[in-house]
Amino acid sequence: MKPTVGSLFAGIGGFDLGFEREGYEIRWQVEIDKYCNKVLAKHWPEVPRYDDVRDCGLHNLEPVDVITGGFPCQDLSLAGKQKGLDGERSALWWDYHRIIGELRPRFAVVENVPNLLNRGIDRVCGSLAEIGYDAEWHIVSAADVGAPHLRKRVWLVADADGAGFGERRRSQPMEAQQLSAQRRSASSRWQDRYNENWTTEPSICRVLDGIPHRVDRLRGLGNAIVPQIAQHIARTLKPQLELVYA
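Position numbers for residues start from 1 in each chain and track the written sequence from start to end. Thresholds applied to this predicted model are a pLDDT of at least 70 for local features of residues and 80 or more for the giving and counting of side-chain atom pairs; totals over whole chains, interfaces and linings are not thresholded and use all residues. Just so you know, side-chain values use all the structure's heavy atoms and leave hydrogens and water out.

**Looking at the environment of Lys-238**
Here Lys-238 lies in helix H8 (residues 227-245). Between the C-alpha atoms of Lys-238 and Phe-19, which are 219 residues apart in sequence, the distance is 9.7 Å. By the convention used here, residues are in contact when the closest approach between their heavy atoms is within 4.5 Å. Residues in contact with Lys-238, not counting those within four places in the same chain, are Glu-22, Gly-23 and Tyr-24. The secondary structure listing takes helices from DSSP runs of H or I that are at least 4 residues long and strands from runs of E that are at least 2 residues long, numbered from the N terminus.

Okay, here's the thing in structure tokens:
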């Protein structure tokens, strides 16, 4: 049997693609944006989809091995008012947290902007600890997997068994110097695994094709996660999940 994944705040399916590449089975997706839902329907036509995370839970979502999602960052971003997890959009973390508590996956994988470390990582990890999950996080950029841009993000893995990646645990935010050093060491290691050719500019066809949906496409891409990073996390977690199906 394949390990199973449920995708919250699915967007255009970056998490889903990364985990699927490592042999996971996507069981459900939750995404409120209409255009993103069309993209998901095209690539995962058989997967059940739901619109609003606030209406989802154990009553309509199948329990899975892993729940993934990058909850809204508008209230965490340096470009916003930085209301943190009390802001209207980023407060949807609490629905993510509620669903983790109801479905009890082995792992939950969370993505957000680096300013989460200043605007709520303590509350995220504290709330996970309250429902029995240990959390570990790193700042990883798109450049760490070979992309021609930085796009730094916080990637957090919550583990119901507290095993994490088999390394030291994270119970408090790490110092900036430690995070920077870890990112540099991860960069060369991950680029060896995902040595892909990234184009620095889109082709003319990509720019011109589908002009009526250009804004939707750009917004979908702008909010998307880098699948190669999700794939690395999926690969790291897979041996622990395979023990369940052995």
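**What about the nonpolar core?**
Buried residues of nine kinds, namely Ala, Val, Leu, Ile, Met, Phe, Trp, Tyr and Cys, make up a nonpolar core once their side-chain atoms join them within 4.5 Å. The buried label applies to any residue whose accessible area, calculated with a 1.4 Å probe on protein chains only, is under 20% of its type's maximum; exposed applies above 50%, and partly exposed to all values in between. With 34 residues, the main nonpolar core has Leu-8, Phe-71, Trp-93, Tyr-96, Leu-128 and Leu-156 as its most contacted residues. Mapped onto this core, the elements with two or more residues apiece are strand E2 (25-30), helix H3 (93-103), strand E5 (107-112), helix H4 (121-130), strand E6 (134-140) and strand E7 (153-159). Sort the elements by how many residues they give to this core and H3 lands first, with 5 residues. In this view, Leu-156 contacts Ala-108, Val-109, Val-110, Ile-121, Val-124, Cys-125, Leu-128, Ala-135, Glu-136 and Trp-137; residues no more than four positions away in its chain are not counted. Within the second largest apolar cluster, 26 residues are counted, among which are Phe-19, Ile-26, Ile-225 and Ile-233.

**Things to note about H4**
For H4, the complete set of buried residues consists of Ile-121, Val-124, Cys-125, Ser-127 and Leu-128. Mapping the buried residues of H4 onto a view down its axis gives an arc of 160°, with all of them on the same face. Opposite the buried face of H4, by more than 90 degrees, sit the exposed residues Asp-122 and Glu-130. A positive phi of about 95° marks Gly-132, the residue just after H4. To obtain the arc, one takes the directions from the helix axis to the C-beta atoms.

**Things to note about the pattern of salt bridges**
For this document, the term salt bridge refers to a Lys or Arg side-chain nitrogen within 4 Å of an Asp or Glu carboxyl oxygen. As enumerated under the stated definition, the model contains 9 salt bridges in all. For Arg-235, the salt bridge identified is with Glu-22, shortest N-O distance 3.1 Å. Note that Arg-235 is positioned in helix H8 and Glu-22 in the loop between helix H1 (14-21) and E2, a separation of 213 residues in sequence. Classification of Arg-235 by relative accessible area gives partly exposed; the value is 34%. As a salt-bridge pair, Arg-27 and Glu-25 come within 3.1 Å of each other at their nearest N and O atoms. Since its relative accessible area comes to 22%, Arg-27 is described here as partly exposed.

**Thoughts on the sheet that holds E5**
Should DSSP find at least two bridges between two strands, the strands are taken to pair. With respect to topology, 7 strands assemble into an open sheet ordered E3-E2-E1-E4-E5-E7-E6, the strand pairing being mixed. A strand with exactly one partner marks an edge of an open sheet, and here the two such strands are strand E3 (49-50) and E6. Two strands pair when backbone bridges link them, and E2 and E3 are joined in this way by 2 bridges, in the parallel orientation. From the neighbouring strand, Gln-29 faces E3, where its bridge partner is Arg-49. Docked against the sheet, H3 engages E2, strand E4 (66-69) and E5, running at close to 175° with respect to E4. Axis definition: a line fitted to C-alpha atoms, over the contacting stretch in the case of helices. Angles run 0 to 180 degrees between N-to-C directions.

**Brief notes about the pairing of E2**
Two faces belong to every sheet, and in a regular strand the side chains alternate between them. Of the pairings in the sheet, the one linking strand E1 (residues 4-7) to E2 comprises 4 bridges and is parallel in character. Each residue of the ladder has a partner; that of Ser-7, found in E2, is Gln-29. Think of it like this: strands point away, you trace from the first strand over the helix to the second, and a clockwise trace means the crossover is right-handed. Assessed by its sense of winding, the connection that carries the chain from E1 through H1 to E2 is right-handed. The handedness of the E2 to E3 crossover, carried by helix H2 (residues 34-43), is right-handed.

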